[in-house]
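# Commentary on secondary and tertiary structure
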Amino acid sequence: MDPRVLLFTGKGGVGKTTAAAATATLAASRGMKTLVVSTDTAHSLADALAVEPGEVAPGLHLHQVDTQRTLERHWGELQDYARGVLSELGLDEVTSEEITVLPGAEEIIALLELREHARSGRWDVIVVDCAPTAETLRLLALPEALDWHVNRLLPVGRRLVRLVAPFVRGVARVSAPGEEVMSAGERFHRGLMEVRELLTGDQASVRLVLTPESVVLAEARRTLTSLNLYGYRVDGVIANRVFPPGGADEWRAQWVAAQTRLLAEAEQSFAPLPVHVVPYLPAEPVGTQALTEVGARLYGESDPFAPPAGPPPLRMSADELALDLPGADRAEVDLARKGDELIVTAGPYRRILALPVALARRKISGAALRDGVLRVAFSPGSESGS
């Protein structure tokens, strides 16, 4: 059985690392074998826990990604090929090393390592401290976007390699990629798709961390819409740094009033998701004991490790596709059909959905966005074109 996987994201500076660390320490304190890992290159988790990576408390392990070592393990053949071509072109080895380190490699490798940890069977709970919202959304959209390209380009690429390889060496005087390179690309692609399957499965969910400020709340609402668009479940919202009411001077009373209004707005915006509140603490919680106390206060009587309730964001039946897009504005949602694909756009984010055979053969008879759900109905007739 897959471990419970919890991903924490939010706008930079809202305290998502603290929320992730508090949840992980709480899990370990309840006897669950817990791994906490970060896809954020800042590695602030170690600072919050005030420890080095490894077993930081009984049952709690902190993992820090070793990008170069893991990249070589997952991407070795492709990296070796690129390095060899650069050397053939006369570039020195140092330049080759620098060029063949992929942009964004640390975040991608963190996802691949997450898959390996989940498959190891060692963990009951895996907590992921994600990068700030925009980077997280790009990262979570990557496996499916790559799948779309690979399924179209890889068969063509294999044919082209077989055709042009004999000529590349003679004309360009560099090596063409061989079968082992294509196979490495396929393994890399398959690994990312397995990550997506894990993170959209019944044991995984995302928690949005915010502070009760209008700009932060607006971004969190957009993030909820986007995560649902890509098929990721959100099972809770964490409101951090909330001033406790009572006994306040005029300055603080104004903050309390503003935060109270925004918290009520958040509860309405994110319903039926629970909004967990963390009060503004007198000092930053550092270390496992302080974080465990924050975790206990954060979740109260609720079970933060129960599987996410409710259906997945995307559902397909014999004649309808339904996609949850909570908070989406009708003017920002666009729908297009191209062959056996449905292209859904929500604000700046787009998802290309490959329709199952049963729906791909049919025409769209209607589409509507009501109560945060996009419903696309299909007629019995066959689809005649794009």
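Overview of the structure. Since this is a predicted model, take the numbers as computed values, not measurements. (Residues numbered from 1 in each chain as written. Predicted model: local features only at pLDDT ≥ 70, side-chain atom pairs only at ≥ 80, totals over all residues. Heavy atoms only, no water.)

## Thoughts on unusual backbone geometry
With an omega of 10°, the peptide bond between Ala 271 and Pro 272 qualifies as cis. Along the polypeptide, Pro 272 turns up in the loop between α9 (250-270) and β8 (275-279). The phi dihedral of Arg 241 falls on the positive side, at around 60°, and the residue is not glycine. Topologically, Arg 241 is positioned in strand β7 (residues 234-242). Since its relative accessible area comes to 31%, Arg 241 is described here as partly exposed. Even without a glycine there, the phi angle at Asp 371 is positive, about 55°. (Helix = DSSP H or I, 4+ residues; strand = E, 2+ residues; numbered from the N terminus. Buried < 20%, exposed > 50% of the residue type's maximum accessible area, 1.4 Å probe, protein only.)

## Some thoughts on helix α10 (residues 288-299)
Since the α-helix advances by 3.6 residues per turn, residues separated by three or four positions end up pointing in the same direction. When the terminal C-alpha atoms of α10 are compared, their 16 Å separation across twelve residues agrees well with the 16 Å that a helix rising 1.5 Å per residue should span. Looking at the packing, one finds that the buried side of α10 touches β1 (4-9), α1 (16-29), α2 (44-49), β6 (204-210), β7 and β8. Count one or two residues on from α10 and you reach Gly 300, which has phi positive near 60°. (Expected span 1.5 Å × (residues − 1). Contact = heavy atoms within 4.5 Å.)

## Description of α1
Taking 1.5 Å of rise per residue, the 14 residues of α1 would be expected to cover 20 Å, and the 20 Å separating its terminal C-alpha atoms lies within 8% of that figure. In terms of burial, α1 is largely enclosed, as twelve of its 14 residues are buried. Inspection of α1 places Lys 16, Thr 17, Ala 19, Ala 20, Ala 21, Ala 22, Thr 23, Ala 24, Thr 25, Leu 26, Ala 27 and Ala 28 among the buried residues, and these make up the whole buried set. Looking at the residues trailing α1, positive phi occurs at Gly 31, about 85°.

## As for the packing of α1 against α10
Between two packed helices, what matters for the description is the angle formed by their axes and the separation of those axes. One way to put it is that α1 packs onto α10 with a least axis distance of 7 Å and a crossing angle of 95°. With respect to each other, α1 and α10 are oriented roughly perpendicular. Taking contact as the criterion, the partners of Thr 18, Ala 21, Ala 22, Thr 23, Thr 25, Leu 26 and Ser 29 in α1 are, on α10, Thr 288, Leu 291, Thr 292, Val 294, Gly 295, Ala 296, Leu 298 and Tyr 299. Here the residues of the contact of α1 with α10 sort into eight nonpolar, seven polar and no charged. (Axes fitted to C-alpha atoms, helices over the stretch in contact; angles between N-to-C directions. Parallel < 35°, antiparallel > 145°, perpendicular 65-115°, else oblique. Nonpolar A, V, L, I, M, F, W, Y, C, P; charged D, E, K, R; others polar.)

## A few points about the sheet that holds strand β13 (residues 349-354)
What holds strands together in a sheet is hydrogen bonding between their backbones, with the strands either parallel or antiparallel. The strand order β11-β12-β13 describes an open sheet built from three strands, whose pairing is antiparallel. Taken across any chain shown, the strands that pair with only one partner, and hence form the sheet edges, are β11 (333-338) and β13. Neighbour-to-neighbour, the strand axes of this sheet turn through a mean angle of 15°, independent of strand direction. With six bridges joining them, strand β12 (residues 341-346) and β13 adopt antiparallel strand pairing. The residue bridging Val 344 from the neighbouring strand is Arg 351, located in β13. Against the sheet, helix α8 (residues 214-229) makes contact with β12 and β13, and its axis sits at roughly 20° relative to β13, the strand it touches most. (Pairing = 2+ DSSP bridges.)

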